Amino acid sequence: MTLQETRLLTKRMNDRPADSWTMEAALATGAYETLRTALRMKPADVQEEVKTSGLRGRGGAGFPTGTKWSFLPAGLYPRYLVVNADEGEPSTFKDRELMERDPHQLIEGVAISAYAIESNTAFIYVRGEMAHAHDVLERALADARAQGFLGQNILGSGYDLDIVLHRGAGAYICGEETALLESLEGRRGMPRIRPPFPAIAGLYAKPTVVNNVETMATVPHIVGMGGAEYAKLGVNRSTGTRIFSLSGHVNRPGNYEVELGATFRDLIDDLGGGVTNGGTVKFFIPGGASSQWLVNEHLDVPLDMDEVGKLGVMLGSGAVMVFDQDTDPLAVAWRLVKFFAHESCGKCTPCREGTGWEEKILYRILHGQGRPSDLDLLLDIGDNISPGLNAPFSQTTICPLGPSSVSPIVSLNKYFRDDIIARCTPSLVTMLTGNGLAGNGLDGGLHR
Ligand SMILES: Cc1cc2nc3c(=O)[nH]c(=O)nc-3n(C[C@H](O)[C@H](O)[C@H](O)COP(=O)(O)O)c2cc1C
């Protein structure tokens, strides 16, 4: 059967494409009705619905949302809700669409979630480059305040909430939740050592929950239909729908909301219109640049967080990048690693130094000047950042950014090792001219 989208979070923008972002369209399509319902419930009961739904965070790690909320220590106030709208993972573009095209769904989700965790102040940290999303949200927040959905005594319930909109400055690391909190407090965005975890001492050292935009936008649907009903959607421990940002060599790239449990093939062929120019999939990245890769033979793997986890990869941020038969995996790996090297904040030595070394070695192999030992050297560096090469799930660093840079390398080794080794044989030009990269800084100080 052909896969169709299941529209919960994307329904309003689909039904009212011209004005889905306005208060008028939102009210005409039921926005804030669930907030009214939630405010009549006890906060603990709202939390319970979210727990029952099985919702897992859509930001990357897939941690159960209700469980995360329950880590807040009882009786400790104030506590904060921080929405991670940084969306820096390469090829991920779902949160931006959710903010630009349906800001009231997000605001309603934030209001219900803040009520559930008994917080009176929430923050939305928007990536600096997303100027339009910021402006749409700013307007929507003002409209929500004017309608009494935010502010003092919301809808006569006695509950107060304000939402502070904060613009980041466009650093990938500021999507990592503790670096985000540092940045929000006005400091340089660098990850914090845990413990303490944000639930105990987060923003301004107060108990804090950090959740992704899509996670928040899902909450009104869960409370609206009931957690148990929501849990019927999806498969196993991957309940509900997710929005996948599909990109690369597909005929119809874009955001697609599907019930979890469909396969990568369904997503790529049925919704993405198949590979461009009638080509075939050589490899694909299943969950954002941080994930290890899969190849053609994995196309029938289900979109199920635990099933993909068994293959050492992740659904991560929900970004699926497709590469056809003519793609050079080495070029892709180099480009991805260059990104991580550029975005390393420099706090941890293995990441600060290692990502730069990886990038330079990949660059010289790509330019025909690799050395026979280069792939093993890359794996050795990788093992020092992500022990056991289990990237991005093991680390010698504070956060998983460094380990993420190891994912493309492990993937090259797993699926394309012979090709890479063949390309590491010195060319005649290299032999005649010596190491063409030495002296121009590209040997990175390695193997002098
Ligand atoms: C380097 C790095 C970048 C990240 N960027 C984002 C991001 O842009 N958006 C996001 O929601 N989570 C991002 N995360 C994950 C967050 O740290 C955190 O797990 C997430 O916001 C929690 O929300 P959730 O439980 O709703 O998924 C990033 C993590 C790392 C290590």
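Residues numbered from 1 in each chain as written. Predicted model: local features only at pLDDT ≥ 70, side-chain atom pairs only at ≥ 80, totals over all residues.

Novice: Can you break down the overall build of the protein residue by residue, with the values?
Specialist: Along its length, the protein carries 18 helices and 11 strands. Taking 2.2 N^0.38 as the reference for a compact globule, 448 residues should give roughly 22 Å; the C-alpha atoms of the protein span a radius of gyration of 23 Å, in line with that estimate. Burial statistics for the protein: of 448 residues in total, 52% are counted as buried. Counting only contacts in the protein whose residues sit at least 6 apart along the sequence, the fraction spanning at least 24 positions is 70%. (Helix = DSSP H or I, 4+ residues; strand = E, 2+ residues; numbered from the N terminus. Rg over C-alpha atoms; globule rule 2.2 N^0.38 Å. Buried ≥ 20, exposed ≤ 12 C-beta atoms within 10 Å, placed from the backbone. Contact = placed C-beta atoms within 7 Å.)

Novice: An account of the domain arrangement of the protein is requested, with residue identities and associated values reported.
Specialist: You can read the domains of the protein as domain 1 (11–232), domain 2 (235–324) and domain 3 (329–433). Each of domain 1 and domain 2 has a C-alpha centre, and these two points are 26 Å apart. Listed per partner, the contact involves 19 residues of domain 1 and 18 residues of domain 2. Among the residues forming the side of domain 1 that touches domain 2, the class breakdown is 5 nonpolar, 8 polar and 6 charged. (Domains from an automatic or database assignment. Nonpolar A, V, L, I, M, F, W, Y, C, P; charged D, E, K, R; others polar.)

Novice: Outline the sheet that holds strand β4 (residues 208–212), listing residues and values.
Specialist: As a general point, the strands of a sheet are linked pairwise by backbone hydrogen bonds and lie either parallel or antiparallel. Taken in spatial order, the 4 strands line up as β3-β2-β1-β4 in an open sheet, and their pairing is parallel. The strands lining the two open edges of the sheet, one partner per strand, are β3 (162–167) and β4. Neighbouring strand axes in the sheet, compared pairwise and without regard to direction, differ in orientation by 20 degrees on average. Here helix α10 (residues 213–225) sits on the sheet and contacts β1 (80–85) and β4; the angle it forms with β4, its principal contact strand, is near 90 degrees. (Pairing = 2+ DSSP bridges. Axes fitted to C-alpha atoms, helices over the stretch in contact; angles between N-to-C directions.)

Novice: Outline unusual backbone geometry, listing residues and values.
Specialist: In this structure, P78 follows Y77 across a cis peptide bond, with omega equal to -5 degrees. Note that P78 resides in the loop between α5 (65–70) and β1. A cis geometry characterises the amide bond from R194 onward to P195, with omega recorded as -10 degrees. Here P195 shows up in the loop between α9 (177–184) and β4. Here the phi dihedral of Y204 falls at roughly 50 degrees; this positive angle occurs in a residue that is not glycine. Tracing the sequence through the fold places Y204 in the loop between α9 and β4. Even without being a glycine, A205 presents a positive backbone phi close to 60 degrees. Residue position: A205 is located in the loop between α9 and β4. C-beta crowding within 10 Å serves as the criterion here: with 11 such atoms nearby, A205 is assigned to the exposed category.

Novice: Hey, could you go over the site of the ligand for me, with residue numbers and the actual values?
Specialist: With respect to spatial proximity, 23 residues lie near the ligand, and among them G57, G59, G175, N212 and T215 are the closest. Looking at the shell around the ligand, the element that brings in the most residues is β4, giving 3 residues. The residue makeup of the shell around the ligand, split by class, is 8 nonpolar, 9 polar and 6 charged. When residues are assigned to domains, the shell around the ligand turns out to be shared by domain 1 (11–232) and domain 3 (329–433), each giving three or more. (Near = placed C-beta within 6 Å.)

Novice: So, the environment of M41: which residues are in play, and what are the values?
Specialist: Tracing the chain through its elements places M41 in the loop between α3 (33–40) and α4 (43–53). It is 52 Å that separates the C-alpha atoms of M41 and T280, two residues lying 239 residues apart in sequence.

Novice: I'd like a rundown of the sheet that holds strand β11 (residues 319–324), residues and numbers included.
Specialist: Across the sheet, which stays open at both edges, the 5 strands sit in the order β8-β7-β11-β9-β10 with mixed pairing between neighbours. Each end of this open sheet is capped by a strand with a single partner; those strands are β8 (254–259) and β10 (294–295). Pairing between strand β9 (residues 281–285) and β10: 2 bridges, direction antiparallel. By the bridge assignment, F284 is partnered in β10 with L294.

Novice: Describe in detail the nonpolar core, supporting the description with residues and values.
Specialist: Counting residues in hydrophobic clusters, the biggest one holds 122 residues, and the most contacted among them are V82, V83, V110, L267 and F284. In terms of residue count, helix α7 (residues 103–116) provides more of this core than any other element does, 8 residues in total. When sequence neighbours within four positions are dropped, the list of residues in contact with V110 reads L81, V83, A122, I163 and M216. (Core = buried A, V, L, I, M, F, W, Y, C linked by C-beta atoms within 7 Å.)

Novice: Help me get a handle on the environment of M1, residues and values and all.
Specialist: Along the chain, M1 falls in the segment before α1 (11–15). Residue M1 is classed as exposed on the basis of its C-beta count, with 5 C-beta atoms lying within 10 Å. Here the alpha-carbon distance between M1 and D266, two residues 265 residues apart in the chain, equals 9.2 Å.

Novice: I'd like a description of the packing of helix α14 (residues 329–343) against helix α17 (residues 401–423), backed by residues and values.
Specialist: Put simply, α14 and α17 touch, their axes get as near as 9 Å, and they point 155 degrees apart. With respect to α17, the element α14 is oriented roughly antiparallel. For α14 against α17, the interelement crossing comes out left-handed. Contact with α14, carried on its side by P329, L330, A333, L336, V337, F340, A341 and E343, involves L401, S404, S405, P408, I409, L412, F416, I420 and R423 of α17 and no other residues of that element. Class assignment for the residues of the contact of α14 with α17 results in 13 nonpolar, 2 polar and 2 charged. (Parallel < 35°, antiparallel > 145°, perpendicular 65-115°, else oblique. Left-handed = near helix turned anticlockwise from the far one by under 90°.)

Novice: Pulling in residues and values, what's your account of helix α6 (residues 94–101)?
Specialist: Along α6, 7 of the 8 residues are buried, which leaves the element largely enclosed by surrounding structure. Taken together, the buried positions of α6 are occupied by K94, D95, R96, E97, L98, M99 and R101.

Novice: Before we move on, can you summarise the pairing of strand β7 (residues 241–248) with the specific residues and values?
Specialist: For β7, the tally of buried residues reaches 7 of 8 residues, placing the bulk of the element in the interior. Pairing analysis gives 6 bridges linking β7 to β8, with the strands arranged antiparallel. Bridge pairing links T241 to E259 in β8. When β7 meets β11, the two strands line up parallel, connected through 4 bridges. The residue bridging G248 from the neighbouring strand is V322, located in β11.

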